[in-house]
Structure formats: C-alpha cells, structure tokens
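# Residue-level structure breakdown
Listed below are the residues making up each chain.
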Amino acid sequence: MKITVLGAGAWGTAFGQVLADAGNDVMMWAIEPEIVEGIRDHRRNAVRLPSVERLPERMTATGDRAEAVAGADIVIVSIAAQAARVALEPFRGLIPETAVVASLMKGIERTTGKRMDEVVRETLDLPEARFAAISGPNLSKEVAARNPSATVVACSDIMNARLVARACTTHYFRPFVTTDVVGLELCGSLKNVIALAVGMARGAGYGENTAAMIETRGLAEMTAIGVAAGADAKTFCGLAGVGDLIATCGSPLSRNYTFGSNLGKGMSVEEATKVSNGVAEGVPTTDAVVALGERLGVPTPLATAMSHVLGRGIGCGEMLGELFGPDITEE
Ligand SMILES: NC(=O)C1=CN([C@@H]2O[C@H](COP(=O)(O)OP(=O)(O)OC[C@H]3O[C@@H](n4cnc5c(N)ncnc54)[C@H](OP(=O)(O)O)[C@@H]3O)[C@@H](O)[C@H]2O)C=CC1
Ligand SMILES: O=C(CO)COP(=O)(O)O
C-alpha cells in the first residue's frame, strides 16, 4: 500500500519505519525542509529521531502537501495535538476519498476540549468509518530499535481497523483491533497527565508506593471519565490503558514522565518546557481533562492537582496532599 505520514516527529518517523518494514511505500510529510531533505536524501531524521542511523529504502519525504497525499491508501497523522487542527486544515480536499486516516496523537485540544478523533474528522470532513486511532505502549525510541511491541487500532468499522492493523504488522510490531475509538483516544491522552504526576513524585525522590498509588488512582480516574464519555471500561485494562501507563510512567524515554520528573527536581514549568525533548502532551491536556471531568460530572482529583502544579506552581508535597481528600471513601 501507499501510506503517507503527516508529521515527521519522533513517533511519526518511527511508525513510518514500521510501515516500511511491513512492506508499504511510505511518504513522510514535514514542514521543516531540513527534516524533509534529511529523510529523502540521507535516510535520516537527525532532528527528531537521531537514534536511527538509516531509515528504510521504502521511506521518502516531501514538504508538498498535494504530492504527499496523492494516491494514499492510508494517511497517518502524527502532529503535536495542539497544532493538529491548523496543520490539517490545508489537507482538506486533498486526501483521496477512499483513504483511511489514522491518528497517532495522544492529547485533547485545549481550546475546544475535543479529542483528536473529533479534531481530525471535523477538520478533514471525514466520515466516522474512515477514521482510526492507534494507541498503546509505544515509546518511539524502543519501536525505532525494533524492540517487540504491541499496539491497538480502533475504528468504528472493524474492517478498516483490520486494514490499518495489517499495514503496520511486522515481526516486532503487533497491533490488536477494537471499535472503541473514544476509549482508545482517552487512554492515550489521560495517561500522559498521570505520567506527569508519577514523574514529579519520582523526581522529588519518592519510591514505588507513591508511584503505584498515583498510577492506580489515575487509572480509576481515566476509566471513570472514559465510561462517562461512552467508552468501554475494558479498553482501560488493556494495552492502550494499563499497558501504556506502565510504559509511560516507568520510563525516562517518556517526555511526560521526564517533564514531571524535572518539575519534581525543582524546575519551573518554563524550564522543564525548555529542556523537553519533544512535545509533552500531558501539559496542555491537563486543563482539558479537568474541564472534561466537570462536563461529565466525574471528579478528577489527579488532573486537578496537576493543573494546580502547572498553573499555580504548587510543589510535589502539595500535589500529593490534594490526592488525599478529607473523607474515608470506598476504593
Ligand atoms: N514519541 C512517542 O514515543 C510517542 C508519541 N505519541 C504521540 O504522537 C504525537 C507526535 O509525537 P512525536 O512525534 O513523538 O512528537 P515530536 O515532538 O517529536 O514531534 C511533533 C511533531 O508535530 C509537528 N508539528 C508541531 N507543530 C506543527 C505545526 N504547526 N504544523 C505542522 N506540524 C507541526 C512537528 O513538526 P516539526 O518537526 O516540523 O516541528 C513534529 O513532526 C503526540 O501526540 C504524541 O503524544 C504516541 C505514541 C508514542
Ligand atoms: O505515548 C508514549 C508511549 O506510549 C510516549 O510518551 P511521551 O509522549 O511521554 O514520550
């Protein structure tokens, strides 16, 4: 198949390699000429994924939007979530009417509170059955090193989920399928907020008990929001939920974990942003999660505490204190 990846960041590039390894012809689209030339002429993305010495022969790149998506069977979107709407707008009308569009993004649009499935479908005027979300424990550097990994592809049309899954199946990368698009979107977006909190606790010097508490209570918060939004609770126990929490909250390769860890060590939000190695989606998504909880009538103690960290600059002790409400409640 011919597959286009919009956005040659760390994950877009690593996923492009998966698609090429699976036997597809892969066209990367990026705004920056340096990245386009690097991939096209030198088989490298030294800016966003320097750990890969040589990208596959089946991968090339362009900065031209029409050329990028012409004849594409599948279009993958891998752009920082807050920029997705603006970046996708010019592609409206260019993407072939038969193409399935799949999002790798894990965030909620801060200005509208919308999930990426909503943003992508709205911006590209895409019917539900032609949108897929891909989410799971997929730290880009590990996938780029071809470490065995699994993911989940969600689409309301299970045949299109299978189509996308087949396109990214390799000897080291294994996709599962589901129709729970809302669940998959919320798993990917909400776990980043939890990773910020776990990273912060770790950075402040706390150990396994504290991390396990935040992860488990965070999972309960994620699941409650998901179920209220119409998702299947089972999705949150799977690869995209618990699986991604384990990967993201346990690895310094995660930008969200590292961002939190730097806050825990005493950096300000501005300082942590400056040293972040790529987008930490949990940062702009945190307030969107609090707003989503309010809209759905679901308490969000963890996201609210993290929003006080990011907005008011409270420290780790105070953030953890906010998680301990005054009442004894049932788990
Ligand atoms: N890295 C990972 O391990 C994983 C990441 N994800 C998710 O995938 C998404 C992308 O992440 P990742 O690739 O790692 O992030 P990076 O920070 O490495 O890259 C962000 C990408 O967004 C692009 N971008 C930002 N603003 C604009 C804009 N205005 N117009 C066009 N493009 C823009 C960047 O382009 P440019 O380079 O030109 O600035 C770049 O391609 C995120 O939502 C992330 O949560 C999901 C799973 C794993
Ligand atoms: O989503 C990820 C792993 O599944 C990557 O996490 P970060 O965006 O925090 O690096």
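The residue count restarts for each chain, going from 1 along the sequence in the order it is written. Think of it this way: whatever chain is written first is A, whatever ligand is written first is 1, and the rest follow in order. The predicted origin of the model limits local features to residues at a pLDDT of at least 70 and limits the giving and counting of side-chain atom pairs to 80 or more, whereas totals for whole chains, interfaces and linings rest on all residues. Heavy atoms throughout the structure, all of them, feed into the side-chain values; hydrogens and water do not.

For the chain, an unreviewed UniProt entry supplies the name Glycerol-3-phosphate dehydrogenase [NAD(P)+] and the organism Bifidobacterium phasiani. Annotation of the chain in UniProt includes, under Pathway (unreviewed entry), the sentence "Membrane lipid metabolism; glycerophospholipid metabolism." UniProt positions are given in the numbering used here, feature names are shortened, and annotations may be inferred rather than shown by experiment. Check the Subcellular location (unreviewed entry) section of the UniProt entry for the chain; it says "Cytoplasm".

## Re the domain arrangement of the chain
Taken domain by domain, the chain consists of domain 1 (2-179) and domain 2 (182-322). Computed from C-alpha atoms alone, the centre-to-centre distance between domain 1 and domain 2 is 24 Å. In this assembly, 30 residues from domain 1 lie in contact with 25 residues from domain 2. By salt bridge we mean one thing: a side-chain nitrogen of Lys or Arg within 4 Å of a carboxyl oxygen of Asp or Glu. Linking domain 1 with domain 2 are one salt bridge, by the criterion used here. Among the salt bridges present, the one from lysine 106 reaches aspartate 244, with a minimum N-O distance of 2.7 Å. Pairs of N or O atoms are called polar contacts if they sit within 3.5 Å, as long as, within protein, a hydrogen donor faces a hydrogen acceptor (for residues adjacent in sequence, only side-chain-to-side-chain pairs). Inspection of the domain 1/domain 2 interface yields seven residue pairs in polar contact (both at pLDDT 80 or more). Runs of E in the DSSP output that reach at least two residues are strands. Runs of H or I that reach at least four are helices, and both are numbered from the N terminus. Listed by contribution, the elements that provide at least two residues to the side of domain 1 that touches domain 2 are α5 (116-124), β6 (131-135), α6 (140-144) and β7 (149-154). Here the side of domain 1 that touches domain 2 gets five residues from one element, more than from any other, and that element is β7. Think of it as three bins: nonpolar holds Ala, Val, Leu, Ile, Met, Phe, Trp, Tyr, Cys and Pro, charged holds Asp, Glu, Lys and Arg, and polar takes everything else, Gly as well. When grouped by side-chain class, the residues that make up the side of domain 1 that touches domain 2 number 16 nonpolar, seven polar and seven charged. Either an automatic procedure or a domain database provided the assignment from which the domain bounds are taken. Contacts between residues were defined by any pair of non-hydrogen atoms, one from each residue, lying within 4.5 Å.

## Concerning helix α2 (residues 33-42)
Every buried residue of α2 is listed here: Ile35, Val36, Gly38 and Ile39. Viewed along the axis of α2, the buried residues span an arc of 165°, placing them on a single side of the element. The exposed set on the far side of α2, more than 90 degrees from its buried face, consists of Pro33, Glu34 and His42. Taken together, the buried residues of α2 touch β2 (25-29) and β3 (59-62). Buried, partly exposed and exposed residues are distinguished by accessible area as a fraction of the type maximum, computed with a 1.4 Å probe on protein chains only: under 20%, between the cut-offs, and over 50%, respectively. Here the arc refers to the set of directions running from the helix axis out to each C-beta atom.

## Some details on helix α11 (residues 239-249)
Of all eleven residues in α11, eight are buried, a share of seventy percent or more. If you check which residues of α11 are buried, you get Ala240, Gly241, Gly243, Asp244, Leu245, Ala247, Thr248 and Cys249. Buried residues along α11 sit against β6, β7, α8 (181-203), α9 (208-228), α10 (233-237) and α12 (255-264).

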